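# Observations on the model geometry
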Amino acid sequence: MSRNDSIRPRPTDNAFLGPLEGGSLEPTYSGALSFMRRRYSRDLSVADVVVWGVPFDCATSNRPGARFGPQALRRASAIFDGDPQFPSGLDPFEALTVIDWGDCSFDYRRLDQVHGLIEAQAAEIIAAGCHLVTLGGDHSITLPLLRAHVAEHGPLALVQFDAHQDTWEDDAEGISHGTFVTRAEMEGLIDCSRSIQIGIRTVAPDDFGIAIVDAYEARGLGVAGIAQRIRERVGDAPAYLSFDIDALDPAFAPGTGTPVAGGLSSAEALMVLWSLRDIDWRGMDIVEVAPAYDHADITAIAGATVVQHYLQILAERTRG
Ligand SMILES: [Mn+2]
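Please read all numbers here as calculations on a predicted model, not as lab measurements. Every residue gets a number counted from 1 within its own chain, in the order that chain's sequence is written. It should be noted that, the model being predicted, local features are given only for residues of pLDDT at least 70 and side-chain atom pairs only at 80 or more, the latter also being counted only at that level, while totals for whole chains, interfaces and linings use all residues. For the side-chain quantities, the full set of heavy atoms in the structure was used; hydrogens and water were omitted.

## Some words on the overall build of the protein chain
When helices and strands are counted, the protein chain shows 9 helices and 9 strands. As defined in this context, the radius of gyration uses C-alpha atoms, and a globule is described by 2.2 Å times the residue total to the power 0.38. For a compact globule of 320 residues, the expected C-alpha radius of gyration is about 20 Å, and the protein chain comes in at 19 Å, within 12% of that figure. For the protein chain, the spread of C-alpha atoms along the three principal axes comes to 70 × 45 × 35 Å. Accessible area is worked out with a 1.4 Å probe on protein chains only. A residue is then buried under 20% of its type maximum, exposed over 50%, and partly exposed in between. Taken over 320 residues, the protein chain has a buried fraction of 56%. In what follows, a contact means two residues having at least one pair of non-hydrogen atoms within 4.5 Å. Residue pairs in contact within the protein chain that sit at least 24 positions apart in sequence constitute 75% of those at least 6 positions apart. Summed over its atoms, the accessible surface of the protein chain is roughly 12,900 Å², and 52% of this surface lies on carbon and sulfur atoms. Only four residue types enter the charge count, namely Lys and Arg as positive and Asp and Glu as negative; His and the chain termini do not. For this purpose, a charge sits on NZ of Lys, CZ of Arg, CG of Asp or CD of Glu. Looking at the protein chain, you have 25 positive and 45 negative side-chain charges, and the mean spots of the two groups are 6 Å apart. We count a stretch as a helix when DSSP gives it H or I for four or more residues in a row; a strand needs E for two or more, and each element gets its number in order from the N terminus. Only the protein chains shown count as cover for residues, and the accessible areas themselves come from Shrake-Rupley with a 1.4 Å probe.

Right, here's the structure in full:
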């Protein structure tokens, strides 16, 4: 190698320039930070999995700020840039082609249009045969995401990690991050008899027959017990994972809009998720990451790791 070769600049923006599969030697603090350093692309013909952001938080009841969630999750995910990953020990991108689609576009002045735009853009990605992973955003966005997934797959079992049931009364006219389950039940999007919520530690008026493993019960059951309850409930039904970061205790996820003490640890939640490799996942979202209340990226790192585990699960499934 000549001296000139050794000082020739290497591309640092893998998000635009790098391979769609394989790793990157880029620093985790430079360049355009796509999710896990995947290529920014809208070429759905090459992608197995599409990660995108929905930076919307106008349906929050308490502290806003989840609109900054996608950026924080991407930044925290840069450390997971294509090397073998824990716990599979394998590089998920050897089995899966993952692109970062960028963010959902909508006009913040037209609140009544936002859910329709989320649904339409999600539907386009899903109809192309891609598995969709969404970085939120507040929990209201799960409603249009479910509509888009159900149009393709039929009604889904909902596996919801959350401090809140999100089953408050809803007249089907407004949008709220506390009623996406109510609306999903009203619209027949979820099979409540196959659905389950984990980490609940608030009380809402209705459960629609959805099974609940509340946070204290979860602590008593332990990781294996929680995972068994989820597997027994969901069975072989096609399933959607909605992970509200406030399922975690505020000690593990302070950066969220409606924190509640007494939740899961990040290790417990990640171990449960990793135990669910045999569930027929059809899509997922991670919601309510609000970095303005975060400290040392604790919440963003936990959220990015949830998605990193989910991508490893999809990669394991591809490997067979
Ligand atoms: Mn929620």
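## Considerations on the environment of Leu 311
By the secondary structure assignment, Leu 311 is in helix H9 (residues 298-319). Linking Leu 311 and Pro 92, residues 219 residues apart in sequence, is a C-alpha distance of 6.8 Å. If sequence neighbours within four positions are ignored, Leu 311 has contacts with Phe 35, Met 36, Val 49, Pro 92, Leu 96 and Val 133.

## Brief notes about the packing of aromatic side chains
Only the six-membered ring of Trp is used, alongside the rings of Phe and Tyr, when aromatic pairs are assigned; centres must lie within 6.5 Å, and planes under 30 degrees apart are stacked while those over 60 apart are edge-to-face, with the rest tilted. Tallied over the entire structure, the rule returns 5 aromatic pairs. Taking 5.4 Å as the distance between ring centres and 85° as the angle between the ring planes, the aromatic pair formed by Trp 52 and Trp 101 counts as edge-to-face. You can see Trp 52 sitting in strand E2 (residues 49-54) and its partner Trp 101 sitting in strand E3 (residues 98-103), a full 49 residues away along the chain. Judged on exposure class, the residue Trp 52 and its partner Trp 101 are both buried. Here the aromatic rings of Phe 161 and Phe 243 are separated by 4.9 Å at their centres, their planes lie at 20°, and the arrangement is stacked. Here the residue Phe 161 occupies a position in strand E5 (residues 157-161), and Phe 243 occupies one in strand E8 (residues 238-244), the gap between them amounting to 82 residues.

## Some words on helix H4 (residues 111-127)
Take the residue count of a helix, subtract one, and multiply by 1.5 Å to get its expected span. Along its 17 residues, H4 runs 25 Å from first to last C-alpha, staying within 8% of the 24 Å computed at 1.5 Å per residue. Among the residues of H4, Val 114, His 115, Ile 118, Gln 121, Ala 122, Ile 125 and Ile 126 are the ones counted as buried. With its buried residues spanning 140° around the axis, H4 presents them on a single face. Within H4, the exposed residues directed more than 90 degrees away from the buried face are Asp 112 and Ala 127. Where H4 is buried, its residues contact E2, E3, strand E4 (131-136) and helix H5 (142-153). Directions pointing from the helix axis toward each C-beta atom define the arc.

## Considerations on the packing of helix H3 (residues 69-77) against H9
Contact geometry for H3 and H9: axes closest at 8 Å, N-to-C directions at 75°. It follows that H3 is roughly perpendicular to H9 by the angle criterion. Here Ala 72, Leu 73, Ala 76 and Ser 77 of H3 come into contact with H9, specifically with Ala 300, Ile 301, Gly 303 and Ala 304. A per-class count over the contact of H3 with H9 returns 6 nonpolar, 2 polar and no charged. Axes, fitted as lines to C-alpha atoms, cover a helix only where it is in contact. Angles between the N-to-C directions of the axes lie from 0 to 180 degrees. Here roughly perpendicular refers to angles of 65 to 115 degrees, roughly parallel to angles under 35, roughly antiparallel to angles over 145, and oblique to all remaining angles. Amino acids outside the nonpolar list (Ala, Val, Leu, Ile, Met, Phe, Trp, Tyr, Cys, Pro) and the charged list (Asp, Glu, Lys, Arg) are all regarded as polar, and Gly is one of them.

## Brief notes about the nonpolar core
Counting 56 residues, the largest nonpolar core has Val 159, Phe 161, Ile 230, Trp 281 and Ile 286 as its most contacted members. For this core, the element with the most residues is H9, which contributes 10 residues. Counting 35 residues, the second largest nonpolar core, distinct from the first, contains Val 50, Ala 148, Val 150 and Leu 189. Working definition of a nonpolar core: buried Ala, Val, Leu, Ile, Met, Phe, Trp, Tyr and Cys residues. They are joined through side-chain atoms within 4.5 Å.

## Concerning helix H8 (residues 266-274)
Along H8, the residues that are buried comprise Glu 268, Ala 269, Leu 270, Val 272, Leu 273 and Trp 274. Packing partners of the buried residues in H8 comprise E5, helix H7 (215-234), E8 and H9.

## Some remarks on the coordination of the manganese ion
Note that water is not among the atoms used; donors are N, O and S atoms within 2.8 Å of the metal (3.2 Å for Na, K and Ca), so sites may look incomplete. All of the protein donors around the manganese ion are His 139 (ND1), Asp 162 (OD), Asp 166 (OD) and Asp 244 (OD); their distances to the metal are 2.2 to 2.3 Å. Linear spacing of the donor residues for the manganese ion on their chain is H-x22-D-x3-D-x77-D. With a gap of 23 residues between them, His 139 in the loop between E4 and H5 and Asp 162 in the loop between E5 and helix H6 (180-186) connect regions that are remote in the sequence. Using a relative accessible area of 0% as the deciding quantity, one classes Asp 162 as buried.

## Quick word on the pattern of salt bridges
Note on definitions: salt bridges are taken to be side-chain nitrogens of Lys or Arg within 4 Å of carboxyl oxygens of Asp or Glu. According to the stated counting rule, one finds 12 salt bridges in the structure shown. Residue Arg 109 pairs with Asp 107 through a salt bridge whose shortest N-O separation is 2.8 Å. What makes Arg 109 exposed here is its relative accessible area of 58%. When the shortest N-O distance is used, the salt bridge between Arg 282 and Asp 280 registers 2.8 Å. Residue Arg 282 is classed as partly exposed on the basis of its relative accessible area of 24%. Taken together, the shared-partner salt bridges in this structure form one network comprising Arg 74, Asp 100 and Asp 103.

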